[in-house]
Amino acid sequence: MASEVDPESEEAAPSPRGGLGEGLAQALEASLPRLSCIDLDKDLEFRNELIDDKEFDIPQVDTPPTLESILNETDDEDESFVLEDPTLLNIDTFDTHSYDTSSVASSDSGDRTNLKRKKKLLDSFSLHGSVMRHSLLKGISAQIVSAADKVDAGLPTAIAVSSLIAVGTSHGLALIFDQNQALRLCLGSTSVGGQYGAISALSINHDCSRLLCGFAKGQMTMWDLASGKLLRSITDAHPPGTAILHIKFTDDPTLAICNDSGGSVFELTFKRVMGVRTCESRCLFSGSKGEVCCIEPLHSKAELKDHPITQFSLLAMASLTKILVIGLKPSLKVWMTFPYGRMDPSSVPLLAWHFVAANNYVNPTLAFCRGDVVHFLLVKRDESGAIHVTKQKHLHLYYDLINFTWINSRTIVLLDSVEKLHVIDRLTQEELETVEISEVQLVYNSSHFKSLATGGNVSQALALVGEKACYQSISSYGGQIFYLGTKSVYVMTLRSWRERVDHLLKQECLTEALALAWSFHEGKAKAVVGLSGDASKRKAVVADRMVEILFHCTDRALKKCPDQGKIQVMEQHFQDTVPVVVDYCLRLQRRDLLFSQMYDKFSENSVAKGVFLECLEPYILSDQLVGVTAQVMKDLLIHFQDKKLMENVEALIVHMDITSLDIQQVVLMCWENRLYDAMIYVYNKGMNEFISPMEKLFKVIAPPLSAGKSLTDEQVIMGNKLLVYISCCLAGRAYPLGDIPEDLVPLVKNQVFEFLIRLHSAEASSEEEIYPYICTLLHFDTREFLNVLALTFEDFKNDKQALEYQQRIVDILLKVMVENSDFTPSQVGCLFTFLARQLAKPDNTLFVNRTLFDQVLEFLCSPDDDSRHSERQQVLLELLQAGGIVQFEESRLIRMAERAEFFQICEFMYEREHQYDKIIDCYLRDPLREEEVFNYIHNILSIPGHSPEEKKSVWQKAMQHIEDLVSLNPCKAAELVATHFSGQVEAVIQKLQESLVLSSCKPRFCSPRSHYCLGSHCCPESSCCSRSCMIHMEKSVMQVRRPGDVFPMSHVLLLTIIPSFILSWV
């Protein structure tokens, strides 16, 4: 039972304004100014987006909390200690990126984390800016130092923060400061400190009415923070001779938990019976079972006091080997144990609770870690009333931790063993910022873990953990983290979004500032503070600030421009700013700002103006920028024209709305500079005129074509553009990109057809041929022009006028090409191939006189014309393959093809009739393809799909021409005989011998198909050829021989006769 303090006798305790406390307070307050109360609710509101509570199944409570209060965790900030403008609070704000002081702990060469820290850190500053504001609480720090010097209060040892700040000292005093940093209470005395030792742990209850102090020699005291009275002095709640490492109030004001240096945990129950205050102690965990060195009860805010989990009064405990979660109510019960596994014995166990939204419920999450891995455990209650603990995604680090703090449900702050803070976004596990805090000179709790005040009777394991224990030196409240140093108190707070942007601006990181602001605008930033309202409202607020920054960037760029020097230097200067300004004006959809005030400012400097105009090009070409003002458009074209960048000018024009410009002037510029695409675009878009560009291009290419002259490269380019332009018009597409407005498509098609079928041009001379436009296109590129028409005809369905145009154009094509001898067979063939394809369509409506096809056949197969033999044959073949065969009488076609020696045509016809044997004659008579006869015979005789009768006819035909085959290529002939005529070798030999006898009576001459003799001049290598042929044939015959076969004599004779046959011709 704890010792009691009777209310009537409590005046014996030091009063907050009497004795030592009063003197200290008066001495310090006289030298420090009073500070006004600060309300930061709105400035530190942490919201990423406006979320409707209905999206989550929040447990029913009397006063339902908003989801934002849970996710954003800013509701406790109404008594914050830091203003958005720190100068109003008399605190020193340090630039967290300008520290030169090395970490205090970094000098520990034995720290294994020194090796880990060699891993290169990602520079997140450029992405997120400075996320945290690191500030010195000057008032509190000065009073701590003054108390130590003037009244021997001792050095600070512990800190606890609520709406008040409590700082414990090594001489047993507790200094209580209000939110203005004014000293309000000095609890205890140095005499009591001499008896109890240093304050080793502090805890303030949820309504800030009570303070619990734990001492290095094991005693505990409870104080009334309103009156400053000592309410309880607890001396026998745990075994003597052990220091208090932790003391924690629970949400129940009558219940607290303490943890001593023996590793035991005790429950403290406060009662008041008949005016007497008592404290009952119950051991929850004995250090003999494993020493506990960290405890953390689950605290809920007022709005969550009726959450189903709170009734269990959960407590997390971390021993040296495992984590335990127990429930204190309604009865003591262990809900979870979790072993650490292997780890560094010097690493510090850490615990931290926080309510987060997960799976559409708001439930507490426990973060615990020891070493370099943080685990998250989601705790929830099921319908049966049981508690379930679910392991969430863990966080792997490259450093050992000595502190873990939730700033809110999405942002955590980690302190590593070399005193560097790491700000982490929990959801993405992205490191937002790293801050060096060695200048804090953080207070460590090592002496208490070693229990030096009671003789050091602790285990080596606990003493080793205590080397880096700083549990009592760091306290969080309302989204702020307080760090206790040996002579100071610092506070770490999330900067508001505006402050983060301004922080970058102060360092002249303009591009980074705009990028960060844009991430706030788009809702993609991390650790956002100070943006409230719905998405549109937040965007508007950020956009206004971005506009201010853009003006600042513009003015700064103009002001700092070099007055003289190379033009390249000035251009580079503006290249660093102008593209950024242009980009963000367009992102914000502020074209009005871009083309008025911004352009006017940059126009004051000719170099800046040029850079500005060039910056517009990629946005115009990608169609991200439309609606450029007339003045800017005019200046843009002039600028590129002056720099001789005419290709750029053309590319820009075809992406611009040029209706506000002088059309005729632009057309003239385009024509003079050969910007044909741009010229066509201007006519089409500026005047809805589609025929004039055609007329201008025809005037250039028609004269040389009609005169039979070759076109220059420039004229060929114009002709190709003309064909593409006509194709686009007939297909309803705009040139060179886009689509013609739907209401104009029929009109444009009709205009183009009417233009093409004109009998004469507007300025026709007496020598001009009829239908000049169609003639010109046919002469320029017959095949491509007909392809354009073919594509156009594909769209003609049930359109009477279009079908009339189709028939009209076909009639003109026939009249022009059949009656004109200027066209080559290939061009004529292209026309009739085109016609054959059109006539072969199922829905064909065209009429073409069949006699015209006969005329074409006569023209292509004319025996009197040996010129372009291959070309004429190929044209006729394409015509037949396109379906034109139906226009001819097949027997007549074959006779004419044979007479013209169109062997491919003959092959095409014979194949249709399955007369494969006759195709052998086609190959043998065609000097260009005679070598292919061997493959053809082999395929017919080998590949399935041919009837026995067809194979037999081919086999017989091959036997008839065996002499020709041998003379053509004896090697392939021998292989063919060995493969397909092995049963007729004797007949082959006899036939070759007969030919050999006959040849002995004939004068020596060269077979026209022989590749082994050159007329009367015999090839000197012929004998060598015959020997190599014999070797090759010997191998071929042996390939068809099966194991065990008796090699017939006839085969040997075959190998002898064939070379002799060849030599007889040599």
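Here's a quick rundown of the structure. (Residues numbered from 1 in each chain as written. Predicted model: local features only at pLDDT ≥ 70, side-chain atom pairs only at ≥ 80, totals over all residues. Heavy atoms only, no water.)

We now examine the pattern of salt bridges. In total, this model carries 30 salt bridges according to the counting rule given. The shortest N-O distance in the salt bridge between arginine 210 and aspartate 224 comes to 3.6 Å. One end of the pair, arginine 210, is in strand E9 (residues 210–215); the other, aspartate 224, is in strand E10 (residues 220–224), with 14 residues separating them in the sequence. Among the residues examined, arginine 210 registers a relative accessible area of 23% and is labelled partly exposed. Between glutamate 907 and arginine 929 there is a salt bridge, with its nearest N and O atoms 2.7 Å apart. Of the two residues, glutamate 907 sits in helix H29 (residues 903–912) while arginine 929 sits in the loop between helix H30 (916–925) and helix H31 (933–942), which places them 22 residues apart along the sequence. Accessibility assignment for this pair places glutamate 907 and arginine 929 in one class, buried. Through salt bridges that share partners, Arg133, Arg495 and Glu499 make up one connected network. (Salt bridge = Lys/Arg side-chain N within 4 Å of Asp/Glu carboxyl O. Helix = DSSP H or I, 4+ residues; strand = E, 2+ residues; numbered from the N terminus. Buried < 20%, exposed > 50% of the residue type's maximum accessible area, 1.4 Å probe, protein only.)

Attention now moves to the pairing of strand E26 (residues 411–416). Across the six residues of E26, six count as buried, placing the element largely inside the fold. Across five bridges, strand E25 (residues 401–406) lies against E26 in antiparallel orientation. Residue pairing in the sheet places asparagine 403 in a bridge with leucine 415 of E26. Linking two consecutive strands that pair antiparallel, namely E26 and strand E27 (residues 420–425), is a turn of three residues; a positive phi of about 60 degrees is found at glutamate 419 within it. (Pairing = 2+ DSSP bridges.)

Time to look at the environment of serine 660. Structurally, serine 660 is set in the loop between helix H17 (646–653) and helix H18 (663–672). Beyond its immediate stretch of four places on either side in the chain, serine 660 contacts Ala630 and Met633. (Contact = heavy atoms within 4.5 Å.)

On to the sheet that holds strand E12 (residues 244–249). Each strand in a sheet pairs with its neighbour through backbone hydrogen bonds, running either in the same direction (parallel) or in the opposite one (antiparallel). Taken in spatial order, the four strands of this open sheet run E12-E13-E14-E15, and their pairing is antiparallel. Each end of this open sheet is capped by a strand with a single partner; those strands are E12 and strand E15 (276–285). Sheet twist, expressed as the average angle between the axes of neighbouring strands with direction ignored, equals 25 degrees. Relative to E15, strand E14 (residues 265–273) runs antiparallel, the two being bridged by nine bridges. Along E15, the bridge assignment pairs phenylalanine 270 with cysteine 279. (Axes fitted to C-alpha atoms, helices over the stretch in contact; angles between N-to-C directions.)

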